[in-house]
Amino acid sequence: MADRDFHGDSQGNAAFSVERIPAARDMMIENEDRRGGGSGGGGGGGDGDSDDKLQSVEMIFKGKVQPSWREQLTVRAFVVSFVLGVLFTFIVMKLNLTTGIIPSLNVSAGLLGFFLVKTWTKFVEKSGMLKQPFTRQENTVIQTCVVAASGIAFSGGFGSYLFGMSSIIAKDSTESNAAQNIKDPSLSWIIGFLFTVSFLGLFSVLPLRKIMIIDYKLTYPSGTATAHLINSFHTPQGAKLARKQVRALGKFFSFSFLWGFFQWFFTAADGCGFSSFPTFGLKAYDNKFYFDFSATYVGVGMICPYLINISVLVGGILSWGIMWPLIKNRKGDWYSADLSESNLHGLQGYKVFVSIAMILGDGIYNFVKVLGRTIQGFIQQYNMKEIIPVSDRQSPEKSSTSYDDEVRTKLFVKDGIPLWISISGYVAIAAISIGIIPQIFHQMKWYYVLVIYIVAPALAFCNAYGCGLTDWSLASTYGKLAIFAIGAWAGEAHGGVLAGLAACGVMMNIVSTASDLMQDFKTGYMTLASPRSMFVSQIIGTAMGCVISPCVFWLFYKAFDHIGSPDSAYPAPYALVYRNISILGVEGFGSLPQHCLTLCYIFFFGAIAINLVRDTIGKKWAKYIPLPMAMAIPFYLGSYFAIDMCVGSLILFIWGKLNKAKADAFAPAVASGLICGDGIWTLPSSILALLGVQPPICMKFLSRGANARVDTFLSS
């Protein structure tokens, strides 16, 4: 799934998306990718030598019947995809609305998809009614559909640009909160908007799939890793390990769910419960340093690389441990003493805009870096090929290929998708959305949308190509560029803040789905799943997500009080960040607190400098230098989730020292169980909240003096 946003922003080894962490970050899969002999690529001629044959993945599956593309699209696959889509949408939505850190859930989706359909087929087989066995191609269809459905929870902007339009977030930003710059959430317009913008990216790069996958042999690490995972499930040894992994996932799912249920009893009011336990003392708690007993973020910490977790902790120490206390001491000098801490002209302004400066500095650096590598790689490939083959044209002569590549390429080319479908689909959907989007957002003129759709295919190609080279999707960075461009074009007087946020949504959905589709094509290529079944599965999954994600968000929105507030359980930090980026694009820097702009410049160029150092000193030393994007996350939120994540890293580290093989095999399943159990607990807890059922106990932690005053008050 993942985008170069810790789906804040998603990238490769150096990255994570606060918007999403690629699956290739998972060490178990990465190791399988290194060991597996079936990725094709190097090996000798079509006949190959004996060693190549022994390592060939497709030789293992030789003789098995290859289902047609229609047979890969089964009813049971889409029923399972829908169930898992709802499950993972709850998880992604919770992560969106808490910290914005979303790890790759590809392992969980593949594992649970395999388990559920395998259970289904065993049951039906016993009744003598099994008509079609479960294949790796059907497993790939499920994986694609689930990731597409739950991906809308991220690209739909429920924790970023879309929620940033609301009056709740506008109230916290204090600037540009006139009615023309506000649009509160409603199921009808959200679903309509998502259906309008979520499919264009699928058609924008469809004609270029042959270049990306076959001619240029782009790696797409997440797609490759997922393919190795699925292929391994359908071998005897892999199926046995998968069953053990599912049992481990189930155990920790149950533990995490029951732990969430237990904690609920002690949360009768704000600041109550285990999540408010002052682990390191009350002073540290006031500065957001505490362990909040979140199974979700312990699991996230087990999945994320050590460097990301340490980077987040370093950012929390730098901001909440040093900077904010020092700036708070300048109250009355740098900013008015009459302002509350949540006012953007006061301390809150430093927290928000310094973090934005780091995010933009990191994003721009990596945008230029990946774009440069994309152009360089494209020129090299173009010079070697001399022509650019598209969907239905013949490829140039190839050098000798491995047996795996011969088999995979033959199927990939045979089940092609006509070029006219791509062009007509893009033009038709673009024409419809140019008419509909201005009706949803009156500030978005039709010609704004037209300009986006003219430049979007080129940017979608750049993003998909760069993702194939580096596993970094820069969807959120392209979205932020759209905020600045369209917001400044519209101007403050004509609702530029809202227009910029809407433009961000249009752009992010196009470039995000384009790179996701190419990842899925790579997975399908390596599992012999037809491109047609991949494309249909992606469309059906996207359609599911356009309904599931708004409904899940609406449940959160209605069930939990103060959602979007900085002090609530669901602060939606990136909603405020995106709105303030849009305000900056429209109004400029004039409204920032004193010295805030200077600090922004320091951290903006500091983020660029850190990345530059990381890229010049080599991998050996770069792994000890923190990532600016990860450091920026706790600047606004605090360090409590960083401590959870570091606990997850510590568990993984100790486990690896005690038994590395077992840790590599089962850590992703354990982590996924912790994330899924705690995530799915939000469904019953939100239903209880809607029914007015409140927890019976408030467990609070007070200082000795405060406790004495409470006792005195109660006794009187």
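Conventions we followed
Residues numbered from 1 in each chain as written. Predicted model: local features only at pLDDT ≥ 70, side-chain atom pairs only at ≥ 80, totals over all residues. Heavy atoms only, no water. Phe/Tyr/Trp six-rings, centres within 6.5 Å; stacked < 30°, edge-to-face > 60°. Buried < 20%, exposed > 50% of the residue type's maximum accessible area, 1.4 Å probe, protein only. Patch = residues over 30% accessible without salt bridge, like charges linked within 9 Å, V, L, I, M, F, W, Y side chains within 5 Å. Areas by Shrake-Rupley, 256 points an atom, 1.4 Å probe, with all protein chains shown as cover. Salt bridge = Lys/Arg side-chain N within 4 Å of Asp/Glu carboxyl O. Helix = DSSP H or I, 4+ residues; strand = E, 2+ residues; numbered from the N terminus. Expected span 1.5 Å × (residues − 1). Axes fitted to C-alpha atoms, helices over the stretch in contact; angles between N-to-C directions. Parallel < 35°, antiparallel > 145°, perpendicular 65-115°, else oblique. Left-handed = near helix turned anticlockwise from the far one by under 90°. Contact = heavy atoms within 4.5 Å. Nonpolar A, V, L, I, M, F, W, Y, C, P; charged D, E, K, R; others polar.

Visitor: For this particular structure, what's the right way to read the packing of aromatic side chains?
Guide: A ring pair, where both rings are aromatic, is described by two values, the distance of the centres and the angle of the planes. If you walk through the whole model with that rule in mind, you get 47 aromatic pairs. When the centroid spacing of 6.1 Å and the interplanar angle of 20° are considered together, the rings of Phe195 and Phe199 count as stacked. Given the relative accessible area of 33%, Phe195 is considered partly exposed. By the ring-pair criterion, three or more aromatic residues cluster together here, those being Trp259, Phe262, Phe266, Phe274, Phe277, Phe291, Phe293 and Phe701.

Visitor: What is the right way to read a nonpolar patch on the surface from this model?
Guide: Nonpolar side chains collect at one region of the surface, where Trp446, Tyr447, Leu450, Val451, Ile454, Val455 and Trp489 lie side by side and expose about 660 Å² of accessible area between them. Ranked by the residues each element gives to the nonpolar patch, the list is headed by helix H20 (residues 446-470), at six residues. Here Val455 shows up in helix H20. Residue class for Val455 comes out partly exposed when judged on its relative accessible area of 37%.

Visitor: I tried to follow helix H21 (residues 475-490) on my own but got confused; where do I start?
Guide: Note on helix geometry: an α-helix contains 3.6 residues per turn, so any two residues three or four positions apart are oriented the same way. The end-to-end C-alpha distance of H21 is 22 Å, a good match for the 22 Å that 16 residues give at a rise of 1.5 Å each. Among the residues making up H21, those that are buried are Ala475, Ser476, Thr477, Tyr478, Gly479, Lys480, Ala482, Ile483, Ile486, Gly487 and Ala490. Two residues or fewer past H21, Gly491 is found with a positive phi of approximately 85°.

Visitor: How should I be thinking about unusual backbone geometry in this particular structure?
Guide: Glycine aside, a negative phi is what most residues show, and trans is what most peptide bonds show. In this model, Phe293 sits at a positive phi of 60°, which is unusual for a non-glycine residue. Along the polypeptide, Phe293 turns up in the loop between helix H14 (282-286) and helix H15 (295-303). We classify Phe293 as partly exposed; its relative accessible area is 24%. A positive phi angle, near 45°, is found at Ala572, a position not held by glycine. Counting through the fold element by element, Ala572 comes out in the loop between helix H23 (531-559) and helix H24 (573-587).

Visitor: Help me out: how do you make sense of the packing of helix H28 (residues 640-658) against helix H29 (residues 660-690) in this one?
Guide: Angle between the axes and distance between the axes are the two parameters that describe a pair of packed helices. Where H28 meets H29, the axes come as close as 7 Å, and the angle between the chain directions of the two elements is 150°. Relative to H29, the element H28 lies roughly antiparallel. Here the hand of the crossing between H28 and H29 comes out right-handed. Between H28 and H29, the residues in contact are Leu652, Trp655, Gly656 and Leu658 and Lys660, Lys662, Ala663, Phe666, Ala667 and Val670, respectively. By residue class, the composition of the contact of H28 with H29 is seven nonpolar, one polar and two charged.

Such coordinate-based values are descriptive only and should not be taken to indicate function.
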